[in-house]
Amino acid sequence: MSAAIAEPTITEDGRRIGGVVMEMRNITLRFGGVTAIKDISFDIREGEVRAIIGPNGAGKSSMLNVINGFYHPQEGEVWFRGEKRGPMKPYQIARQGIARTFQNIALFKGMSTLDNIMTGRLIHMKTGILGQAVWKGGAEREEIGNRERVEKIIDFLEIQKIRKAPVGSLPYGLQKRVELGRALASDPQLLLLDEPMAGMNVEEKEDMSRFILDVNDEFGTTIALIEHDMGVVMDISDRVVVMDYGAKIGDGTPDEVRRDQKVIDAYLGVGHD
Amino acid sequence: MPAEFWYGVEVMLNGLMAGVMYSLVALGFVLIFKASGIFNYAQGVMALFAAQTLVGIQTGLVPFSHLINAMLGTKIHHFGWNVPTFLAILLTIGVMVLFAIIVEKLVLKHLVNQEPIILFMATIGLAYFLEGFGDLMWGSEIKKLDIGIPQGGNVWVEESTAFLGGEDFYGFYLDTLDIYATVIAIALVASLVLFSQYTKTGRALRAVADDHQAALSVGISLRTIWVIVWSIAGFVALVAGVMWGAKSGVQFSLSLIALKALPVLMLGGSPRSPARSSAG
């Protein structure tokens, strides 16, 4: 059974949006008696920026955790690249090409920026433990190759200056950027961002939006993001899913969603500019 | 320099090397603690078990011989062969890796995301289990461990330093075993530091120590890492067990050395600190 593949389209700014990469079908997730997600279906197309929005407790983060494998839904199917996904561990899903960042920043605080981003390359490193012990030959070559890729990402995110700094000592905005770098380093098929702009000031938010758009534009990375800041979401995303109390109440382009009466009632409220 | 000064230096050197012997055990603690936040109470017993296994394999003891004899009425104790030291060490490493896998499967796997205190309690249980299991497997009598490291004062060191202090000074009296232990400990610490700093598995180890969720999200399997950490800790335990076993025989008190090593651990702090070996 094939997923409903939409025709590739070209956006106004010239990016190519391809077929469906990931499809959630009738996902229901419960914690004991609490239903966090109620029968939600949506898809994510290749090359697009897809946003999931909703008020606090709407189940957005739970949805991301389902995609990323931290949570296993009681009902529904997850389709990735045309195949139904069986029960998998989060690290296996990461190896399939789904990378993510976290709302509360989950970096390896004791390690340098460079080492943190290098961990993102782990899934592309194949040398066995004995090969690493010998070091010369395979392991060394592999390390150098991956290091080059990481240096490119460091340049891209403009964090050359903090390359050697332990990330625990960095300011919040920079930590968020390092975390994005780590996710990016794995060359993901799908990049999940959990509130990338949370807790940032206006300037940092603008920087982060620019990086997200650049990642999408230059690497063609498919991005699914959760965000609280409505203005930002509407500016940078191609399509938006709106959730409220665990259910989907809207889905479409930012303009469509903005006009949707149900969405306005639930979330935007009257008088939102 | 007066002879007294050189006697002082001699005492200091001996103190340092005794500290190194303890730091071998402490290293095992630090490894597991750094990589998984677990204080492994069983580290000392692991050293004992490793040493017992090495002696057992080396001298061709039949595992569980007392149990077998008691149940079947037989009187077997020895296979009647001796295994070469090098091969015996390799086999013992194999046993320690197997032990790591079993610990992960039976204990750690079921305690993911638990409080450190709960994991600590689990390692206490593990310690008592392994203590009994080791005795059951290899017998509880004191064994002599001989892997060819000479003991006693090192004549070469003594003679070549005798000129330092004039007539009353006869050179440094240093135990050859302690010298070996020092060299091995330095090599072990250096290679572990290199491994954790520069290889991808080392990076993964540090990542897991820092944040489980984030480690999962970049594709690191926690279970694989735990098996690796416990295997390395098993290997370090083997080294510690061998050195202490060679020094004072393989016996129960070996497992208590681990607890004596705790002050070294507290004083020394991080695994990269060279201060640790001098703390002894």
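Residues numbered from 1 in each chain as written. Chains lettered and ligands numbered in written order. Predicted model: local features only at pLDDT ≥ 70, side-chain atom pairs only at ≥ 80, totals over all residues.

*Asks:* Explain the overall build of chain B to me, please; I cannot follow it from the model alone.
*Replies:* Across its full length, chain B holds 13 helices and 0 strands. Its helices and strands in sequence order give chain B the pattern α-α-α-α-α-α-α-α-α-α-α-α-α, from N to C terminus. With respect to the principal axes defined by its C-alpha atoms, chain B has extents near 65 × 55 × 30 Å. Buried residues in chain B amount to 42% of all 280 residues. Contacts in chain B between residues far apart in sequence, at least 24 positions, make up 74% of those at least 6 positions apart. (Helix = DSSP H or I, 4+ residues; strand = E, 2+ residues; numbered from the N terminus. Buried ≥ 20, exposed ≤ 12 C-beta atoms within 10 Å, placed from the backbone. Contact = placed C-beta atoms within 7 Å.)

*Asks:* Before we go on, may I ask you to explain the overall build of chain A in this structure?
*Replies:* Each helix and strand in chain A was counted, giving 10 helices and 12 strands. When its C-alpha atoms are laid out on the principal axes, chain A stretches across 60 × 45 × 40 Å. A separation of at least 24 residues holds for 67% of the contacts in chain A among residues at least 6 apart in sequence.

*Asks:* I keep staring at the packing of helix 2 (residues 43–58) of chain B against helix 4 (residues 85–106) of chain B and nothing clicks. Help me out?
*Replies:* When two helices pack together, their arrangement is given by the angle between the helix axes and the distance between those axes. All names here are of chain B. In the contact formed by helix 2 and helix 4, the axes pass within 9 Å of each other and the chain directions differ by 135 degrees. One element, helix 2, and the other, helix 4, form an angle in the oblique class. The two elements helix 2 and helix 4 cross, and the hand of that crossing is right-handed. Contacts from Ala50, Thr53, Leu54, Ile57 and Gln58 in helix 2 reach Thr85, Ala88, Ile89, Leu91, Thr92, Val95 and Met96 in helix 4. Across the contact of helix 2 with helix 4, the residue classes break down as 8 nonpolar, 4 polar and no charged. (Axes fitted to C-alpha atoms, helices over the stretch in contact; angles between N-to-C directions. Parallel < 35°, antiparallel > 145°, perpendicular 65-115°, else oblique. Left-handed = near helix turned anticlockwise from the far one by under 90°. Nonpolar A, V, L, I, M, F, W, Y, C, P; charged D, E, K, R; others polar.)

*Asks:* Please clarify how the domain arrangement of chain A should be interpreted in this entry.
*Replies:* By a widespread convention, an interface's size corresponds to the accessible area lost as its parts come together. Residues and elements named next belong to chain A. Considered domain by domain, chain A is made up of domain 1 (1–97 + 188–273) and domain 2 (108–181). Inter-centroid distance (C-alpha atoms) of domain 1 to domain 2 is 27 Å. If you look at the interface, domain 1 gives 8 residues, while domain 2 gives 7 residues. The set of elements that each furnish at least two residues to the side of domain 1 that touches domain 2 consists of helix 2 (90–96) and helix 7 (202–219). It is helix 7 that contributes the most residues to the side of domain 1 that touches domain 2, 3 residues altogether. Residue composition of the side of domain 1 that touches domain 2, by class: 5 nonpolar, 1 polar and 2 charged. (Domains from an automatic or database assignment.)

*Asks:* How should helix 5 (residues 116–138) of chain B be read in this particular structure?
*Replies:* Because each turn of an α-helix spans 3.6 residues, side chains separated by three or four positions end up pointing in the same direction. For helix 5 of chain B, with 23 residues, the first-to-last C-alpha span of 32 Å sits near the 33 Å given by 1.5 Å per residue. In this fold, the buried residues of helix 5 of chain B make contact with helix 2 and helix 4 of chain B. (Expected span 1.5 Å × (residues − 1).)

*Asks:* Help me understand the environment of isoleucine 53 of chain A, please; the structure alone is not making it clear to me.
*Replies:* All names here are of chain A. If you trace the backbone, isoleucine 53 turns up in strand 5 (residues 49–53). A residue is classified by how many C-beta atoms lie within 10 Å of it, and isoleucine 53, with 26 of them, is buried. Put simply, isoleucine 53 and leucine 157 are 104 residues apart on the chain and 25 Å apart in space, counted from C-alpha to C-alpha. Ignoring anything within four residues of it in the chain, the contact list for isoleucine 53 reads Glu227, Val233, Val240 and Val242.

*Asks:* Would you explain the sheet that holds strand 3 (residues 20–31) of chain A in this entry?
*Replies:* Each strand in a sheet pairs with another by means of backbone hydrogen bonds, the pair being arranged parallel or else antiparallel. Residue and element names in this part refer to chain A. The 4 strands are arranged 4-3-6-7 in an open sheet whose pairing can be described as antiparallel. Because the sheet does not close on itself, it has two edges, and the strands there are strand 4 (34–45) and strand 7 (83–84). Where helix 1 (residues 60–68) meets the sheet, its contacts fall on strand 3 and strand 4, and the angle it forms with strand 3 comes to roughly 120 degrees. (Pairing = 2+ DSSP bridges.)

*Asks:* I would appreciate a short explanation of the environment of valine 157 of chain B in the present structure.
*Replies:* All names here are of chain B. Counting through the fold element by element, valine 157 comes out in helix 6 (residues 155–161). Classification of valine 157 by C-beta neighbours within 10 Å gives partly exposed; the count is 17. For the pair valine 157 and phenylalanine 235, spaced 78 residues apart in sequence, the C-alpha to C-alpha distance is 30 Å. Once you skip the residues sitting within four places of it in the chain, valine 157 turns out to touch Gly171, Phe172 and Leu174.

*Asks:* What is the right way to look at the nonpolar core in this model?
*Replies:* The nonpolar side chains of a soluble globular protein tend to be buried with one another. Counting residues in hydrophobic clusters, the biggest one holds 140 residues, and the most contacted among them are Leu24, Ala47, Ala51, Val208, Ile220 and Val229 of chain B. It is helix 10 (residues 222–248) of chain B that contributes the most residues to this core, 18 residues altogether. Residues lining this core come from more than one domain, with at least three contributed by each of domain 1 (1–97 + 188–273) and domain 2 (108–181) of chain A. With near-sequence residues (within four places) excluded, alanine 47 of chain B lies in contact with Val25, Ala237, Ala240, Gly241, Trp244, Leu254, Ser255 and Ala258 of chain B. (Core = buried A, V, L, I, M, F, W, Y, C linked by C-beta atoms within 7 Å.)

*Asks:* When you look at the sheet that holds strand 11 (residues 239–244) of chain A in this model, what are you seeing that I'm missing?
*Replies:* Residues and elements named next belong to chain A. The 6 strands lie next to each other as 8-9-10-5-11-12, forming an open sheet whose pairing is mixed. Edge positions in the sheet fall to strand 8 (98–100) and strand 12 (247–252), since each of these pairs with one other strand and no more. The average undirected angle you get between the axes of adjacent strands in this sheet is 20 degrees. Two strands pair when backbone bridges link them, and strand 11 and strand 12 are joined in this way by 5 bridges, in the antiparallel orientation. Bridging across to strand 12, valine 240 finds its partner in glycine 252.

*Asks:* Please clarify how the interface of chain B and chain A should be interpreted in this entry.
*Replies:* Taken together, the contacts link 17 residues of chain B with 26 residues of chain A. For the side of chain B that touches chain A, the secondary structure elements donating two or more residues are helix 8 (200–210) and helix 9 (212–217) of chain B. Counting residues per element, the side of chain B that touches chain A draws most heavily on helix 8 of chain B, at 7 residues. Residues that form the side of chain B that touches chain A fall into these classes: 6 nonpolar, 6 polar and 5 charged.

*Asks:* Would you mind going over the confidence of the model for chain B with me for this structure?
*Replies:* Atom-level detail of predicted coordinates should not be read off regions where pLDDT is low. All names here are of chain B. On average, residues of chain B carry a pLDDT of 82, and 92% of them reach 70 or more. Helix 4 holds the highest mean pLDDT among the elements of chain B, 92, whereas helix 13 (residues 275–279) holds the lowest, 46. Counting interchain partners and residues more than four positions distant, the pLDDT-below-50 stretch residues 270–280 has 27 contacts. Interface scoring of the predicted complex returns ipTM 0.83; its pTM is 0.80. (pLDDT = per-residue confidence, 0-100.)

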